[in-house]
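# Coordinates in review
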Amino acid sequence: MAPALEADALTIVRGGQPALRGVSFAVRPGEVHALLGGNGAGKSTTLLAFLGFLAPAQGSVRVEGADVGADPAHARRRIAYLPENAALYGHLDAYENLGYFLGLAGLRAGRGAIDAALDRVALAAAARTRRLEAYSKGMRQKVAIALALLRETPILLLDEPTSGLDPVAIDEFNRLLRELAGAGRSVLMVTHDVYGACQVADRIGLLRDGALVGRFEATPGARIDTEAVHAAFVARETA
Amino acid sequence: MSALLRELRLLARDRAALALLAVALLAAAVAVASGLAEVRQQRAQLAALADADRREREAVAAQQADWGSAAYYTFHLTGAPPSAFAFAALGLREHGPWQHRVRMLALEGQIHEPDAGQPEVAVLGRFDYAFVAATLAPLLAILLLHGLAAGERAAGRHDLLVATARSGTRLWLLRAGLRIALLAVALLLPLAVGSMLEGTAGAVALVAAALVTAHLLFWALLCRWLDRDGATPPSTQLMQGVGAWLLLAVVAPAAIAAVAERRHPLPEGAAILMAQREAVNAAWDLPKAATMQAFVARHPEWAAHAEVQRPFEWKWYFAFQQVGDEAAAPLSQAHREGRAARARTAATLAWLAPPAALERQLEALAGTDATAALAYETAVRDFHASLRQWYYPRLFRDLPYAGDELAQRPTFTPPPG
């Protein structure tokens, strides 16, 4: 079976500077794969390449074996994307936002299905009919996560998904990700959060200056060692 | 269809967009209402004048005892009633004459006397539908359509929208198409109501609607081009769009008029008036035979009846009126040809500026452009010539006066609108 996502010697140039340099990795079906790195390491660039927003200068990106450059619509159909600080429409409430974006994806969901998704991200029922401009950052993030859930795509790309969430919500989110992976969905998330990544990811790649400089993998029955990843992260960042 | 409804529902929650569409609807409705009021007032004025004119002619005829007096004292109303589409584009009807009361005297002075018209209106223009469609609508289109993609990028939604929709191009085209369609509806609805109230020919209304829609599409394409990479900030795109609007909708029409005027200089109406009046007034000081010789030279059919025996004869009086017209004829001809040439030059240059082109096309459909004004003037000249043809045999052959024949005098027929 083809990997859900695959980058092969991927090089991306942005503004005349290499943003990714020969990055290769794959995300298997049902796997949670985290990319860790500091600011400007190339984490978000990697996600945008899988969505077809950035064309490789060298190498390739594939979604379920299909080249993204040749068929970006296929990639976008199979992927639910959660951008960092997902800004939905502030003048719409949660139901209206989800209805709009689901429609954009060619999907429909009844009020019951939307409520079930919002329950899973623990968005208070009373808040759901309020305009998003009155929401906190974390509440908006929950609506965006609910959107990713409702799309029911086999692949999720998450850019700093726990940004703005409180610790309880982060724990709930991490549990949710494991549930999704258990159900066969593949997740590629990029984050600064070493602890969170180690809690949830099956594999971690460490990015620095556009290059993949470290890899960590969970073993059966044991999560990835947070201290080892933290040490590598700090060492690389301060090198 | 569901995509259209989805975007329509989203737009229905956008207060700024709704406000702009409401402004478009209101502006078009006010312009149409104002145009309807204006053309109805013009028709009412013509009808009232026609009635007064008929009664006055009857009263004057009852008091006359000879053909010359009848010709001298009788006024004849001429007028070009507004077309059924004139409400939409008042054009030259605003500051050019569209009615006269002519006598059998020298005509050029009577035609060019009101040339000064309403100079303040000529400078400022009028808030008619053509102005709304040609000048105001592009600004509303820019405000509605600028930065559709870049605005979403600035709000942080661009990538999520495109990733979810799978194709950004289709999404932006759908949004732009919906907005421009609603703007077109807001602008065309009042025009349709006005056309129905006026009984405008369906073909004319349809062509006008097509022209307005094509004009809006031009501005939509311009906005799309400015937003082609979705990266230029919306505020910058707004400035670029407004700059294009200033250039094409404000500066270019004025520049086109200036170029046409500079390229085709015209004698002033006052100069024509002066040339004709000087020739007429000079006749009082000339020997009558000199005037009649000049007249007969151009109108030899009256040579056998040109002798003036009494101190005052009407045939001499009307002959020197015509000699006065003929003295001003070269200037008058140059004036007409210059106006036509200006109109042609302006029409050609207008294709460089879509708002100017639209305004000209709407005025052409409405019969309120220079061509229509010249056609009306030609009709007045033809009518005046027919009056002379009717009176001259009676004056030059000194036929006995028969007041009941006055009813057979020619009547003015306006040019087809």
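The following refers to the structure shown. Small disclaimer: the values here were computed from a predicted structure and weren't measured.

Bringing the overall build of chain B into the picture now. Across its full length, chain B carries 16 helices and 2 strands. Taken along its principal axes, the extent of the C-alpha atoms in chain B is 100 × 40 × 30 Å. Evaluated residue by residue, chain B yields a buried proportion of 48% over its 417 residues. Pairs at least 24 residues apart make up 82% of the contacts formed inside chain B by residues separated by at least 6 positions. Put simply, chain B shows about 19,400 Å² of open surface, and 63% of that area lies on carbon and sulfur atoms. Averaging the positions of the 38 positive and the 37 negative side-chain charges in chain B gives two centres separated by 10 Å.

This paragraph deals with the overall build of chain A. Secondary structure summary: chain A contains 8 helices and 10 strands in total. Relative to its length of 239 residues, chain A is compact, with a C-alpha radius of gyration of 17 Å against a globular reference of 18 Å. Counting over 239 residues, chain A shows a buried share of 53%. Carbon together with sulfur atoms contributes 50% to the accessible area of chain A, which is approximately 9,800 Å² in total. Each charge sign in chain A was given a centre, from 26 positive and 26 negative side chains, and these centres are 3 Å apart.

For the rest of this paragraph, the subject is the pairing of strand 2 (residues 17–27) of chain A. Residues and elements named next belong to chain A. Summarising the sheet, strand 1 (residues 5–14) and strand 2 pair through 7 bridges and their orientation is antiparallel. Paired with I12 across the strands is L20, a residue of strand 2. Counted between consecutive antiparallel strands, the loop separating strand 1 from strand 2 contains 2 residues, among which G15 sits at a positive phi close to 60°.

What follows deals with the interface of chain B and chain A. Counting residues at the interface gives 21 residues for chain B and 22 residues for chain A. Taken together, the two surfaces of chain B and chain A that pack against each other cover about 2,100 Å², and 60% of this comes from carbon and sulfur. Our count for the chain B to chain A interface comes out at 1 salt bridge. Across the pair R13(B) and E96(A) runs a salt bridge, and its minimum N-O distance is 2.4 Å. At the junction of chain B with chain A, the criterion picks out 8 residue pairs in polar contact (both at pLDDT 80 or more). Put simply, the parts of the chain that give the side of chain B that touches chain A at least two residues each are helix 1 (2–12), helix 7 (148–155), helix 8 (158–165) and helix 9 (168–198) of chain B. Here the side of chain B that touches chain A gets 7 residues from one element, more than from any other, and that element is helix 8 of chain B. The residue makeup of the side of chain B that touches chain A, split by class, is 8 nonpolar, 3 polar and 10 charged.

Mapped onto the fold, A70(B) is located in helix 3 (residues 67–73). Along the sequence, A70(B) and A28(B) sit 42 residues apart, while their C-alpha atoms lie 49 Å from each other.

A few words on the sheet that holds strand 2 of chain A. Within the open sheet, the 4 strands sit side by side as 2-1-4-5 (chain A). Their pairing is antiparallel. On the outer flanks of this sheet lie strand 2 and strand 5 (66–67) of chain A, each paired with one strand and no other.

Residues and elements named next belong to chain B. For the pair helix 6 (residues 129–145) and helix 9, the least separation of the axes is 11 Å and the interaxial angle reads 155°. By the angle between their directions, the pair helix 6 and helix 9 is classed as roughly antiparallel. Read as a crossing pair, helix 6 and helix 9 show a hand that is right-handed. Seen from helix 6, the contacting residues are Y129, V132, A137, L140, A141, L144 and L145; seen from helix 9, they are A176, R179, I180, L183, L187, L188 and L191. Of the residues assigned to the contact of helix 6 with helix 9, the class counts are 13 nonpolar, no polar and 1 charged.

Attention now goes to the sheet that holds strand 6 (residues 79–82) of chain A. All names here are of chain A. An order of 6-7-8-3-9-10 is seen for the 6 strands of this open sheet, with the pairing classed as mixed. Two strands bound the open sheet, and with one partner strand each, they are strand 6 and strand 10 (211–217). Averaged over all pairs of adjacent strands, the angle between strand axes in this sheet comes to 15°, irrespective of strand direction. Strand direction decides the pairing type here: strand 3 (residues 32–37) and strand 9 (residues 203–208), joined by 5 bridges, are parallel. Counterpart to H33 in the pairing with strand 9 is R203. This element, helix 1 (residues 43–50), spans strand 3, strand 6, strand 7 (155–159), strand 8 (186–191) and strand 9 of the sheet and lies at about 145° to strand 8.

With that settled, consider the pattern of salt bridges. Counted according to the given criterion, the structure contains 32 salt bridges over all chains. Here E6(A) and R62(A) are joined by a salt bridge, their closest N and O atoms 3.4 Å apart. Here R62(A) lies in strand 4 (residues 58–63) and E6(A) lies in strand 1, a separation of 56 residues in the sequence. Residue class for E6(A) comes out partly exposed when judged on its relative accessible area of 23%. Taking relative accessible area as the criterion, R62(A) reaches 21% and is therefore assigned partly exposed. Bridged by salt links that share partners, the residues R6(B), E7(B), E152(B), R157(B) and R175(B) form one connected network.

Okay, unusual backbone geometry next. Although it is not a glycine, E64(A) adopts a positive phi angle of roughly 50°. As for its position among the elements, E64(A) is in the loop between strand 4 and strand 5. In this model, D398(B) sits at a positive phi of 55°, which is unusual for a non-glycine residue. In this fold, D398(B) is placed in the segment after helix 16 (370–396).

Let us look at a nonpolar patch on the surface. A cluster of nonpolar side chains, namely L246(B), L247(B), V250(B) and V251(B), defines an oily patch on the protein surface of about 330 Å² accessible area. In this fold, V251(B) is placed in helix 11 (residues 234–263).

Glancing now at the nonpolar core. Grouped burial of nonpolar side chains is what soluble globular proteins tend to show. Counting residues in each nonpolar core, the largest one holds 64 residues, and the members touching the most others are F101(A), L118(A) and I204(A). With 8 residues, helix 5 (residues 137–151) of chain A is the single largest residue contributor to this core. Setting aside anything within four residues of it in sequence, one finds L118(A) in contact with A94(A), Y95(A), L98(A), L123(A), R128(A), V143(A) and A146(A). With 61 residues, the next largest nonpolar core counts L20(B), V32(B), A176(B) and A220(B) among its residues.

Another point: the packing of aromatic side chains. Residues and elements named next belong to chain B. Counted under the stated rule, the structure contains 31 aromatic pairs over all chains. Geometrically, the ring pair formed by W302 and Y392 is edge-to-face, given 6.3 Å between the ring centres and 85° between the ring planes. With W302 in the loop between helix 13 (288–298) and helix 14 (314–350) and Y392 in helix 16, this residue pair connects regions lying 90 residues apart in the sequence. Like Y392, W302 is buried. What links up through ring pairs into an aromatic cluster is the set Y72, Y73, W284, F312, W314, W316, Y317, F318 and F320. Here the guanidinium or amino end of R228 rests over the ring plane of W225, the centre of that ring lying 4.3 Å away. Its end group placed over the ring of W390, R394 keeps NZ or CZ at 3.7 Å from the ring centre.

Parameters at a glance
Residues numbered from 1 in each chain as written. Chains lettered and ligands numbered in written order. Predicted model: local features only at pLDDT ≥ 70, side-chain atom pairs only at ≥ 80, totals over all residues. Heavy atoms only, no water. Helix = DSSP H or I, 4+ residues; strand = E, 2+ residues; numbered from the N terminus. Buried < 20%, exposed > 50% of the residue type's maximum accessible area, 1.4 Å probe, protein only. Contact = heavy atoms within 4.5 Å. Areas by Shrake-Rupley, 256 points an atom, 1.4 Å probe, with all protein chains shown as cover. Lys, Arg positive; Asp, Glu negative; His and termini not counted. Charge placed at Lys NZ, Arg CZ, Asp CG, Glu CD. Rg over C-alpha atoms; globule rule 2.2 N^0.38 Å. Pairing = 2+ DSSP bridges. Buried area = accessible area lost by both parts, 1.4 Å probe. Salt bridge = Lys/Arg side-chain N within 4 Å of Asp/Glu carboxyl O. Polar contact = N/O pair within 3.5 Å; in protein donor to acceptor, adjacent residues only side chain to side chain. Nonpolar A, V, L, I, M, F, W, Y, C, P; charged D, E, K, R; others polar. Axes fitted to C-alpha atoms, helices over the stretch in contact; angles between N-to-C directions. Parallel < 35°, antiparallel > 145°, perpendicular 65-115°, else oblique. Left-handed = near helix turned anticlockwise from the far one by under 90°. Patch = residues over 30% accessible without salt bridge, like charges linked within 9 Å, V, L, I, M, F, W, Y side chains within 5 Å. Core = buried A, V, L, I, M, F, W, Y, C linked by side-chain atoms within 4.5 Å. Phe/Tyr/Trp six-rings, centres within 6.5 Å; stacked < 30°, edge-to-face > 60°. Lys NZ or Arg CZ within 6 Å of the ring centre and 35° of its normal.

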